[in-house]
Amino acid sequence: MNLSDNLEENFNRFNTDFADCSDFLIRKAKVGDKELFFAAFDGLIDSLQLSQMVVSPILKSEKVDIDSIKKSITNSVELNEAKTFADCYYYIMSGFAVAVVDGENKALAFGIQNLPSRSVDEPSNEQSTKAPKEAFVEVLNTNKALLRKRLKTPHLKLKQIKLASCAPAPCVIAYMDDRADNELVSQITDSIQGSNLNVLTDFGTLIPFIDTSVNSMFSAVSSTERPDIIISKLLEGRVAILVEGSSIALYTPSLFSDNFQTPDDYDTPPFYSGFIRILRYFSFVLSVFLPGGYVAIGTFHQELIPTSMLFTVAREEITTPYSLMTEALMLLVLYEIMREAGLRLPKAVGHAVSIIGGIVIGETTVSAGLIGAPMLVVIALTAISSYVVSSLYESVSVLRFFFILIGGFTGMYGIILAASVLCMNICAINPYGVPYSSPISPLDKKSLADLFYRQSWLKLSKRKVRINNLRGANIDVRVGNEK
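Residues numbered from 1 in each chain as written. Predicted model: local features only at pLDDT ≥ 70, side-chain atom pairs only at ≥ 80, totals over all residues. Heavy atoms only, no water.

*Asks:* Talk me through the sheet that holds strand S5 (residues 107–111); I want residue IDs and the actual numbers.
*Replies:* Spatially, the 5 strands line up as an open sheet ordered S1-S2-S4-S5-S3, and their pairing is antiparallel. The open sheet has two edge strands, strand S1 (24–31) and strand S3 (79–82), and neither has a second partner. Mean inter-strand twist for the sheet, computed between neighbouring axes without regard to direction, equals 25°. In this sheet, S5 lies alongside strand S4 (residues 96–101) in antiparallel orientation, the contact comprising 5 bridges. Within S5, the residue paired with Phe96 across the bridge is Gly111. (Pairing = 2+ DSSP bridges. Helix = DSSP H or I, 4+ residues; strand = E, 2+ residues; numbered from the N terminus. Axes fitted to C-alpha atoms, helices over the stretch in contact; angles between N-to-C directions.)

Below, the structure written as structure tokens:
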């Protein structure tokens, strides 16, 4: 509903809609023969700025109307017009103060925000030893400032849109206009605006609307809490999404190889960063295939086990009542239960869960003859390996259950066949026309310089890598119609 040019009607509507809101502030005033009122929310605004930059200049003026307030009366730099009640309410609840003048069917919103927030701190989930120690926070303006201070160029665009119908929330689409493909930006913007959400609660709400339509356990939308990672992705021509109230930023199109790169790779010598990357790929393979492979070999292909090790495995397993597949499933389920308990419980109790888990699983189950010691070693190695590539933990934790079942019923032949299907599924993901498996498939030799190993900065600085220039990339392919 549009604002009325009758001040009393607008005033009564504000009071009615915000009835029983103890933090709602509204004040009538009169300047000459003109009446007006100010509205804001306590706790979202800077009261001193409201008094010195908005209220005082207006009350001391001789003539009050929208144009004069905008051009010569107030000192506020951030100034917006609102013509509907919905726009006024959105600004008020975003930390603005709204001024409504009698005889005007529009209002002015003054940016004097003082939103409650925590200070910029170190990343809690993506630790690094040499990379920057800043992480996003829950305030959108702070997150925009973190990006702007690193990329001091007008080519960095931070397009802010409003989402959700019941409780509108701001969302920022960030991109470099000289690097990102215009069609890519347009497709992502259309996908987000077409989400038709009632409420935007967190970043995860948007992922299904901008992700690939291929059924897969891997996502073409990655998330991070580090501004430096978002900056590096923007420079490659990708698009980032920031949501108000979330300390996690999204970026897309994402590649499978992105999960094996960290900011520290670019601050260490190339030979060491290459070694660590290969170690990450090896850890990923171990975390997915090791339990299933061990179950398959121990059940169907004992001839592949060295003789001395075979006797050790047989001696341990003959005393246990369960099959290798059942042992592996039991241990992994117990491990996931303890992990979830450790995450959700208070920190003081979380240590107790770790101690109990170590005693129960690490010692009691083996000494009681319920689980074989070799299987315990395999599951422990698998659990540790899965944390090396933490961004893929959700996918890995489910995939290894499938491979255990496949290995227990079909042996290594089933494992190899299932691994082939997994590779085909990864290659089938084609978000916004960019192959998820690139630059491995299709092979792009120029991009291999920063894949399994990293070339020196003397060579990397000369490369002009763009996501839309990868071999096989076709940005014109619409999301949901991958081919």
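*Asks:* Which residues make up the layout of surface pockets, and what values go with them?
*Replies:* Taken as a whole, the second largest pocket encloses approximately 580 Å³ of empty space. In terms of lining, the second largest pocket is formed by 27 residues, of which the most central are Tyr90, Met93, Ser94, Gln160 and Pro170. Of all the secondary-structure elements, those providing two or more residues to the lining of the second largest pocket are helix H4 (85–92), helix H5 (140–150), strand S6 (156–163) and strand S7 (169–176). The element that contributes the greatest number of residues to the lining of the second largest pocket is H4, accounting for 5 residues. When its residues are assigned to classes, the lining of the second largest pocket shows 16 nonpolar, 5 polar and 6 charged. (1 Å grid on protein atoms, 1.4 Å probe; cavity = no way out; pocket = protein on both sides within 12 Å on 5 of 7 lines; lining within 4 Å. Points joined across faces, edges and corners; volume = space filled by probe spheres on them. Nonpolar A, V, L, I, M, F, W, Y, C, P; charged D, E, K, R; others polar.)

*Asks:* So, the environment of Ile173: which residues are in play, and what are the values?
*Replies:* Note that Ile173 resides in strand S7. The contacts of Ile173, once residues within four sequence positions are left out, are Lys157, Leu158, Lys159, Ile161, Thr189, Ile192, Val239 and Ala240. (Contact = heavy atoms within 4.5 Å.)

*Asks:* Pulling in residues and values, what's your account of the nonpolar core?
*Replies:* With 29 residues, the main nonpolar core has Ile188, Ile192, Leu200, Leu206, Ile210 and Ile241 as its most contacted residues. Those elements giving two or more residues to this core turn out to be S6, S7, helix H6 (182–193), helix H7 (207–210) and strand S9 (239–243). If we ignore the near neighbours within four places in the chain, the residues touching Leu200 are Leu163, Ala164, Ala169, Thr205, Leu206 and Val243. The next biggest cluster of nonpolar side chains, apart from the first, holds 22 residues, and it includes Val288, Val396, Phe403 and Leu451. (Core = buried A, V, L, I, M, F, W, Y, C linked by side-chain atoms within 4.5 Å. Buried < 20%, exposed > 50% of the residue type's maximum accessible area, 1.4 Å probe, protein only.)

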